[in-house]
Amino acid sequence: MADSEARYKSIFDTTPDLVLILDETGIVVSVNESVERVLGYPPDQLIGSPLSQIMPERYRDQHNRGFRRYLETGIRNLDWRSIDLPGLRADGREIPLSISFGEFSEGERRFFTGILRDVSREKQVAGTLEFLASIGPGLASSSLDFKATLKAVAQLAVPSLADWCAVDLVQTDRKLERLSVAHTDPAKIALALELATLYPPKPDASRGALHVVRTRCSEFRAAIPVEFLKAAACDDRHFEMISSLGLTSYVIAPLIAHNRVYGAITVAQAESGRQFTESDVPLIEDLGRRAGLAIHDAGLYREAQESNRLLEEQATELEQQTEEAQVLAEELEAQAEEQRRIAVDLAQRTEEVEIANRVKSEFLASMSHELRTPLNAISGYVELLEMELRGPVTDEQRADLARIRHNQQHLLSLINDVLNFAKVDAGRLEYRIERIALDEVLKNCEAMILPQIHARRISYTYHECGEPVLVMADSEKVQQIILNLLGNALKFTPEGGKLRASCDHAEGVGRVHVRDTGVGIEPSKLEAIFEPFVQVDQSLTREGSGTGLGLAISRSLARAMNGDVVVESEPGKGSTFTLTLPRA
Ligand code: ADP
């Protein structure tokens with residue numbers, strides 16, 4: 001008997017479960033040492049107390065009633081041999097217990113045995129598995145809005161898996177974005193968020209979510225002693241804040257998929273008193289991988305969405321561009337139509353103008369011709385009178401006759417000008433283009449005009465051209481142009497002025513320059529003077545008279561021979577007219 005007593009005592013003392021013996025009034029009469037580990041009581045403290053003391057308040061009445069009824073009637077409420085009930089620890093915390101009851105008698109007395117096993121761990125593992133099972137399909141399939149999914153995961157994890165859950169996403173390799181923090185108490189969430197803002201994780205810290213992201217290895221801490229918190233805290237305030245979270249244990253796992261780290265999930269235990277063990281780590285890592293896959297899939301989906309959106313945008317843009325192109329084409333067509341109309345209009349008008357011009361030229365030509373006949377008659381009769389064929393002529397009458405002749409000749413030259421212009425304008429002139437030496441033509445003209453130059457007391461110089469300047473032109477027309485230029489220079493240069501003529505070569509042309517120190521021409525009139533009948537200041541020319549046709553004729557002749565007449569001038573200083581003709 002002593003042997004069996006010793007055997008029993010050894011089992012009683014070494015079993016990890018809490019074993020207690022109650023008397024028939026439900027009072028604890030014996031308890032093994034595991035009571036300290038399981039419920040936090042010193043071994044002797046429970047002896048003499050009712051069993052209900054280690055039950056949460058809400059179960060006590062029911063338990064007492066059931067126990068009494070069993071003693072009186074032998075009827076059990078439940079299968080007492082094994083029930084799951086929460087136990088109340090000495091520190092007031094509840095833990096899940098699996099309780100098995102037995103019964104024995106010693107003589108007249110009945111005793112009850114109770115074996116209480118702490119099943120927190122089993123419950124926790126079962127809870128975790130259940131949790132993973134519950135979110136598993138959710139994460140795998142409908143994970144396209146991955147942020148919402150991850151937030152939901154954090155919410156689901158609390159409190160079934162842990163008291164805290166936080167999800168961080170990688171922003172840069174030195175920064176994380178806290179996507180979600182879950183806890184049953186909103187005040188604690190606020191505190192955690194404040195903590196993260198006040199004391200953001202150091203990029204080079206050797207623990208924490210950023211470290212997990214960098215190393216791709218999960219971090220696990222079964223217990224969090226004060227020293228650990230002290231070492232982790234930046235200052236006293238920080239220490240106070242993290243201490244007040246009451247963390248007891250944590251696991252941080254990377255959110256990883258296809259070899260890429262998207263962030264980290266942190267689960268921590270606190271007020272529930274639960275603690276993670278080594279065996280929880282693979283579960284949390286699994287959760288991290290599932291979450292990583294959700295993010296990866298969402299990325300693929302977003303890429304597909306994005307390229308779809310881009311394609312749609314491009315299609316819309318193309319459509320818009322096509323519409324715009326159509327509008328543009330219609331506009332262009334309208335413009336082309338308008339231009340065709342204008343061209344037809346213009347052609348009509350050109351024809352009308354050409355007809356009018358021809359009529360005008362023909363009129364001028366015939367008028368000039370008709371005017372010349374009576375003028376010739378006047379000239380004839382003046383000559384008749386001067387020769388005194390009609391009787392003696394007094395000196396006075398002779399002077400009058402000279403005036404008549406002078407005016408007759410002037411009128412004749414005007415008419416010749418008009419006739420000439422009409423012919424040039426109507427394109428009726430014929431050109432005998434041949435190789436001619438410009439300096440020779442210039443010298444001829446010079447001989448013709450020199451008497452007038454001398455009469456006006458104007459100095460004239462001719463600048464010898466080094467070598468003959470040969471051009472292809474009609475020498476008669478060239479002479480007509482140079483005479484006109486020299487005549488103008490003479491006309492618009494006051495007495496005592498200077499006149500200079502020269503010729504040279506330049507870029508495929510031969511040139512004649514007639515330079516004077518006369519009145520010059522306003523810049524605004526430089527082109528107008530080449531128009532027919534334009535005279536800058538008629539008062540100047542009244543004496544020498546003119547029609548305003550000389551330059552128009554000269555330019556037309558020059559252009560008809562593929563040359564031109566141009567002018568440079570400075571009012572008050574003089575002008576230089578240049579005739580250019582194609583070089584022979
Ligand atoms: P006209 O000499 O018969 O007036 P032109 O056609 O030869 O006609 O010349 C037109 C106008 O150009 C002249 O009336 C004059 O105002 C201006 N002009 C021509 N040559 C000169 C010149 N060398 N200096 C200043 N003005 C000139």
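Our structure is the block above this text.
Novice: Explain the overall build of the chain to me, using residue names and the numbers behind them.
Specialist: Assigned secondary structure in the chain consists of 15 helices and 17 strands. Compactness check: the chain gives a C-alpha radius of gyration of 62 Å against a globular reference of 25 Å for 584 residues, more than 25% above the reference. With the C-alpha coordinates of the chain rotated into their principal frame, the extents come out at 200 × 50 × 40 Å. Taken across its 584 residues, the chain has 38% of its residues classed as buried. Sequence-distant contacts, at least 24 apart, represent 63% of the contacts inside the chain between residues at least 6 apart. Separation of charge centres in the chain, based on 65 positive and 89 negative side chains, amounts to 2 Å.

Novice: A description of the sheet that holds strand 16 (residues 564-570) should follow, citing residues and the corresponding values.
Specialist: One open sheet accounts for five strands, arranged 12-14-15-17-16; its pairing is mixed. A strand with exactly one partner marks an edge of an open sheet, and here the two such strands are strand 12 (459-463) and strand 16. Strand-to-strand, the axes of this sheet are offset by a mean angle of 15°, without reference to chain direction. Strand direction decides the pairing type here: strand 12 and strand 14 (residues 498-506), joined by five bridges, are parallel. Across the sheet, residue Tyr460 finds its bridge partner in strand 14, namely Leu499. Running over the sheet, helix 12 (residues 438-455) touches strand 12, strand 14, strand 15 (509-516) and strand 17 (574-582) and is turned about 170° from strand 12. Against the sheet, helix 15 (residues 550-560) makes contact with strand 16 and strand 17, and its axis sits at roughly 135° relative to strand 16, the strand it touches most.

Novice: Go over the pairing of strand 4 (residues 94-106) with me, naming the residues and quoting the values.
Specialist: Inspection of the sheet shows strand 3 (residues 83-88) paired to strand 4 by six bridges, in the antiparallel sense. Bridging across to strand 4, Asp84 finds its partner in Ser98. Where strand 4 meets strand 5 (residues 109-118), 10 bridges bridge the pair, whose relative direction is antiparallel. Opposite Gly102, over in strand 5, you have Thr113 as the bridge partner.

Novice: Which residues make up the site of the ligand, and what are the values?
Specialist: For the ligand, the set of nearby residues contains 21 residues, the closest of which are Asn488, Lys491, Asp516, Gln535 and Leu551. A distance of 3.2 Å separates an oxygen atom of the ligand from a polar backbone atom of Gly550. Here the ligand has 530 Å² of accessible area as a free molecule, and 98% of this is covered by the chains. Among the secondary structure elements, those contributing two or more residues to the shell around the ligand are helix 13 (475-491), helix 15 and strand 17. Among the elements that line the shell around the ligand, the one with the most residues is helix 13, at four residues.

Novice: Would you mind going over the sheet that holds strand 7 (residues 175-182) in detail, with residue names and values included?
Specialist: With antiparallel pairing, five strands are arranged side by side in an open sheet as 7-6-10-9-8. A strand with exactly one partner marks an edge of an open sheet, and here the two such strands are strand 7 and strand 8 (219-221). Going from strand to strand, the sheet's axes swing by 20° on average, the running direction of each strand aside. In terms of strand pairing, strand 8 meets strand 9 (residues 249-257) through three bridges, oriented antiparallel. Each residue of the ladder has a partner; that of Glu219, found in strand 9, is Ile252. In the packing of helix 5 (residues 146-160) onto the sheet, contacts are made with strand 6 (164-172), strand 7 and strand 10 (260-269), and the angle to strand 7 comes to roughly 50°. Docked against the sheet, helix 6 (residues 186-198) engages strand 6 and strand 7, running at close to 170° with respect to strand 7.

About the cut-offs
Just so you know, the residues in each chain are numbered from 1, in the order the chain's sequence is written. Thresholds applied to this predicted model are a pLDDT of at least 70 for local features of residues and 80 or more for the giving and counting of side-chain atom pairs; totals over whole chains, interfaces and linings are not thresholded and use all residues. Only hydrogens and water are set aside; all other atoms, that is, all heavy atoms of the structure, feed into the side-chain values. To qualify as a helix, a DSSP run of H or I must reach at least 4 residues; to qualify as a strand, a run of E must reach at least 2; elements of each kind are numbered from the N terminus. Restricting the calculation to C-alpha atoms gives the radius of gyration, and the globule rule supplies 2.2 Å times the number of residues raised to the power 0.38. In this scheme, a residue with accessible area under 20% of its type's maximum is buried, one over 50% is exposed, and one in between is partly exposed, where area comes from a 1.4 Å probe on protein chains only. For this analysis, residues touch if any pair of their heavy atoms sits within 4.5 Å. For the purpose of counting charges, residues Lys and Arg are taken to be positive, whereas Asp and Glu are taken to be negative. His and the chain ends are not included. A single reference atom marks each charge: NZ on Lys, CZ on Arg, CG on Asp, CD on Glu. Here, any two strands with at least 2 DSSP bridges between them count as paired. Here the axes come from fitting lines to C-alpha atoms, over the contacting stretch only for helices, and the angles between their N-to-C directions go from 0 to 180 degrees. In these notes, residues near a molecule or strand are those with any non-hydrogen atom within 4 Å of it. Polar contact criterion, stated in full: a pair of N or O atoms within 3.5 Å, where within protein one must be able to donate a hydrogen and the other to accept it, and residues adjacent in sequence count only if both atoms are side-chain atoms. All accessible-area figures derive from a Shrake-Rupley calculation using a 1.4 Å probe, and residue coverage is judged against the displayed protein chains alone.

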